[in-house]
Amino acid sequence: LGTIPELPSAKIISDRFEVGRNFCNKLWNAARLVLLNLEEQEFRPLSSDELFPEDRWIVSRLSHVISDVTDHLQEYNPSAAIGRAREFFWSEFCDWYLELIKPRLKNESAAFVARQVVAAVLDQILRIFHPFIPYITEAIWHHLQEYMPVRGIEEALPSSELLIAAHWPESERYRSDNTLEAQFDLMKDVIRGIRDVRSRYTVSPAKHLGAHIKADDEATGILTSMTTHIVNLCRLSSLNIGPTVERPKRSAIQVIGDIEIYLVGVLDPEKERERLTKQQEKLMKQFAPLENKLANENFLNRAPADVIERERQRLQEMIIQLESIQENLEWLE
């Protein structure tokens, strides 16, 4: 306990311990999910043609994270190394790849490749994390050895009974594909956009919605090839994608760059009109003072050029928002 009354008592346990505990729980639970879906199967080399797009994507992302973590460790920057590894594991592996392959793990004809790839990626994740959390990674490694002793994708990985003696991962072993990664980034943006609309209108997770996406020819081709993933992860009953798609009546809209997403069955016209009107009134209260400010000669003469430019940008953004709100209000009529 501190002896100076006005100073707060020191914490015995850091908040960072809580963060570490949550991460270790996540790692254990993700590994458990993978292990529960593994079955004894003989390893065989997989050609690139046998891999699904999501397999090639996670392999490409794996090549980057191995390279980045290795570089950070060689620069004696363990904090950056574990941060990069954690980002890959939590977001790309757990939030995306595991969710993308769940339907395949339930389909016996598609499960073989999914099992082999996910086991190989988990293998590499354990090796990356072992310098930071050796006890839990060694325990998971022991179970992985039991479920699938030989792991790899195009070739078997060098293995070891103990993780501490296993070879460090090599990024050169895996092909990176920046084009494919950009395509998956687009798909992820669309999925996030649809989920944002569901959240904004408090749509039940159990409710399936119809979706329409207006996009140019290039984006249409990319998203069409990923229709199954978008439908599964967004709980859609139907999905229509194309450059000539029109907005259906009583549909909610989400704009992502040049892409417009329309969701049917979530919009209450009265509530939406009320929401847009409030948003319009709030913007107008901010718009008038800013417009007057930029018309004031004293401000223009005294303020730095970057400040004036920033305020003009704000005004332009407000104009675009107000025009969009007005268009939506007219559309509701």
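Going by the structure above, here's the rest.
Residues numbered from 1 in each chain as written. Predicted model: local features only at pLDDT ≥ 70, side-chain atom pairs only at ≥ 80, totals over all residues. Heavy atoms only, no water.

Novice: Looking at this structure, I do not really get the pattern of salt bridges. What am I missing?
Specialist: Side chains that differ in charge, positive against negative, can pair when their charged atoms come close. For the coordinates displayed, the defined rule picks out 21 salt bridges. A salt bridge links glutamate 92 to arginine 61; its shortest N-O distance comes to 2.6 Å. Of this pair, glutamate 92 sits in helix α3 (residues 78-105) while arginine 61 is found in helix α2 (residues 53-74), placing the two residues 31 residues apart along the sequence. In this structure, glutamate 170 and arginine 173 form a salt bridge, with 3.9 Å as the shortest nitrogen-oxygen distance. Among the charged side chains, a network of salt bridges with common partners joins Glu54, Asp55 and Arg104. (Salt bridge = Lys/Arg side-chain N within 4 Å of Asp/Glu carboxyl O. Helix = DSSP H or I, 4+ residues; strand = E, 2+ residues; numbered from the N terminus.)

Novice: Could you clarify how one ought to interpret helix α11 (residues 305-332) in this entry?
Specialist: Along an α-helix, a turn takes 3.6 residues, which lines up residues three or four apart on a common side. Taking 1.5 Å per residue as the helical rise, α11 with its 28 residues ought to reach 40 Å, and the 41 Å between its terminal C-alpha atoms agrees with that figure. For α11, every residue scored as buried is listed here: Ile308, Glu311, Leu315, Met318, Leu322, Ile325, Asn328, Leu329 and Leu332. Of the surrounding secondary structure, the elements contacted by the buried residues of α11 are β3 (251-256), α9 (269-295) and α10 (297-302). (Expected span 1.5 Å × (residues − 1). Buried < 20%, exposed > 50% of the residue type's maximum accessible area, 1.4 Å probe, protein only. Contact = heavy atoms within 4.5 Å.)

Novice: I'm lost on the sheet that holds strand β4 (residues 259-264) in this one. Help?
Specialist: Strand pairs in the sheet, formed through backbone hydrogen bonds, run parallel or antiparallel to each other. The mixed open sheet is built from four strands, whose spatial order is β2-β1-β4-β3. The open sheet terminates on both sides in strands that have one partner only, identified here as β2 (236-242) and β3. Strand-to-strand twist in this sheet, taken as the mean axis angle between neighbours without regard to direction, amounts to 20°. Both strand β1 (residues 209-214) and β4 contribute to a ladder of five bridges, which runs antiparallel. Paired with alanine 211 across the strands is leucine 263, a residue of β4. (Pairing = 2+ DSSP bridges. Axes fitted to C-alpha atoms, helices over the stretch in contact; angles between N-to-C directions.)

Novice: In this structure, what is going on with the environment of asparagine 77? I would like to understand it.
Specialist: Note on placement: asparagine 77 falls in the loop between α2 and α3. Judged by its relative accessible area of 31%, asparagine 77 falls in the partly exposed class. Within the structure, the side chain of asparagine 77 is placed 3.2 Å from the backbone nitrogen of alanine 80, a separation counted as a polar contact. (Polar contact = N/O pair within 3.5 Å; in protein donor to acceptor, adjacent residues only side chain to side chain.)

Novice: Could you clarify how one ought to interpret the packing of helix α4 (residues 108-129) against helix α5 (residues 134-147) in this entry?
Specialist: Packed helices, taken two at a time, are described by their axes: the angle between them and the distance between them. Contact geometry for α4 and α5: axes closest at 10 Å, N-to-C directions at 155°. When the axes of α4 and α5 are compared, the pair comes out roughly antiparallel. Once α4 is placed against α5, the crossing between them reads as left-handed. Of the residues in α5, those touching α4 at Ala119, Leu122, Asp123, Leu126, Arg127 and Phe129 are Thr137, Ile140, Trp141 and Leu144. (Parallel < 35°, antiparallel > 145°, perpendicular 65-115°, else oblique. Left-handed = near helix turned anticlockwise from the far one by under 90°.)

Note that all results are geometric; they support no functional claim without further evidence.
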